[in-house]
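Structure at a glance
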Amino acid sequence: MLLAVSIGDHIVQEFKNTSWLEWIGFITTIACVYLAAKQNIWNWPIGIMSVVTYMVVFFNSQLFGDAGLQIYFLGTSIYGWYFWIKKKEANEKPVTSLTFKQLLWVLLATLVLAGSLGLFLKNYTPTNVPYIDGFCTSISFIAQILMTRKILQNWAFWIFVDICYVPLYLYKNLYLTSILYIVLLVLAYLGHVDWRKEYRKQLPTANG
């Protein structure tokens, strides 16, 4: 009983110590993912605010893979914003899907990237979680590419990596961010449902 109270007090104290940057990242990330699930183009500018904020938060927590990932997210957010505008102007089909062969290649690329990044972080940074950081970073890297191209499977990658991130951020005492990723897990599932419905509407059988 005393142990449970002690743990509870520790968690409450950690929330009190949560930086204003992490709060900004928390709010903008939820807004970004919600808007992405609704295929609202405003997810990209809000996402830019989120990644800049978390770049600082993760670097301070020695999650260097995730910090570097935010730089990549910044670039892909700008690209995604541009790509979605162009796709809307061209009136193209908004959602596409990977073939089975393409999915296998994507999974292979993810594993190779995860191993390479994990080795780099182990040898060249002071992080104490090089391989899990590299693994989560690589999955997020691929998921973001798929999202910018409006590929349905991006949500499956986000769902998986959100599950992985929750215990990682708890370990790093980023309690607010761990809660954020539970929320993102739910939003990613809803995003998958919405995008799958949209994709099915585009199929020849759906159009008669």
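Residues numbered from 1 in each chain as written. Predicted model: local features only at pLDDT ≥ 70, side-chain atom pairs only at ≥ 80, totals over all residues. Heavy atoms only, no water.

**Notes on the overall build of the chain**
Across its full length, the chain carries eight helices and zero strands. When the helices and strands of the chain are read in sequence order from the N terminus, they spell out α-α-α-α-α-α-α-α. When the 208 residues of the chain are sorted by exposure, 46% land in the buried category. Sequence-distant contacts, at least 24 apart, represent 72% of the contacts inside the chain between residues at least 6 apart. Split by element, the accessible area of the chain, about 11,300 Å² in all, is 70% carbon and sulfur. (Helix = DSSP H or I, 4+ residues; strand = E, 2+ residues; numbered from the N terminus. Buried < 20%, exposed > 50% of the residue type's maximum accessible area, 1.4 Å probe, protein only. Contact = heavy atoms within 4.5 Å. Areas by Shrake-Rupley, 256 points an atom, 1.4 Å probe, with all protein chains shown as cover.)

**Concerning the side chain of Asp66**
By secondary structure assignment, the location of Asp66 is in helix 4 (residues 64–90). Here Asp66 is in contact with Phe58, Asp133, Thr137, Tyr165, Leu168 and Tyr169, once residues within four sequence places are set aside.

**Topic: the packing of aromatic side chains**
On inspection of all chains with the given rule, the structure shows 14 aromatic pairs. Measuring from ring centre to ring centre gives 5.5 Å for Phe59 and Phe64, while their planes differ by 75°; the resulting arrangement is edge-to-face. Seen in terms of ring centroids, Tyr169 and Tyr181 are 5.1 Å apart; in terms of plane orientation they differ by 55°. Their pairing is tilted. With Tyr169 in helix 7 (residues 154–171) and Tyr181 in helix 8 (residues 175–202), this pair connects stretches of sequence that are twelve residues apart. Assigned by exposure class, Tyr169 and Tyr181 land together as buried. Ring pairs connect the aromatic residues Tyr54, Phe58, Tyr165, Tyr169 and Tyr181, which therefore count as one cluster. (Phe/Tyr/Trp six-rings, centres within 6.5 Å; stacked < 30°, edge-to-face > 60°.)

**Some remarks on the nonpolar core**
Trp155, Trp158 and Tyr165 are the most contacted members of the largest nonpolar core, which has 46 residues in total. Of all the secondary structure elements, the ones that give two or more residues to this core are helix 2 (20–37), helix 3 (43–60), helix 4, helix 6 (130–148), helix 7 and helix 8. Here the element with the most residues in this core is helix 7; it accounts for ten residues. Not counting residues up to four positions away in its chain, the partners in contact with Trp155 are Val33, Ala36, Ala37, Met147, Leu187, Ala188, Gly191, His192 and Trp195. (Core = buried A, V, L, I, M, F, W, Y, C linked by side-chain atoms within 4.5 Å.)

**Quick notes on a nonpolar patch on the surface**
On the surface, a nonpolar cluster with roughly 320 Å² of combined accessible area is contributed by Phe100, Leu104 and Leu107. You can see Phe100 is positioned in helix 5 (residues 100–124). (Patch = residues over 30% accessible without salt bridge, like charges linked within 9 Å, V, L, I, M, F, W, Y side chains within 5 Å. Salt bridge = Lys/Arg side-chain N within 4 Å of Asp/Glu carboxyl O.)

**Brief notes about the state of the cysteines**
Evaluated as defined, the whole model comprises zero disulfides. Of all cysteine sulfurs, the one in Cys164 lies closest to Cys136, which takes part in no disulfide; the gap is 4.9 Å. (Disulfide = S-S within 2.5 Å.)

**Quick word on helix 3**
Its 18 residues give helix 3 an end-to-end C-alpha distance of 26 Å, which sits within 8% of 26 Å, the value for a rise of 1.5 Å per residue. For helix 3, the full list of buried residues reads Asn43, Trp44, Pro45, Gly47, Ser50, Val51, Thr53, Tyr54, Val57 and Phe58. Once helix 3 ends, the next one or two residues include Gln62, with phi positive near 60°. (Expected span 1.5 Å × (residues − 1).)

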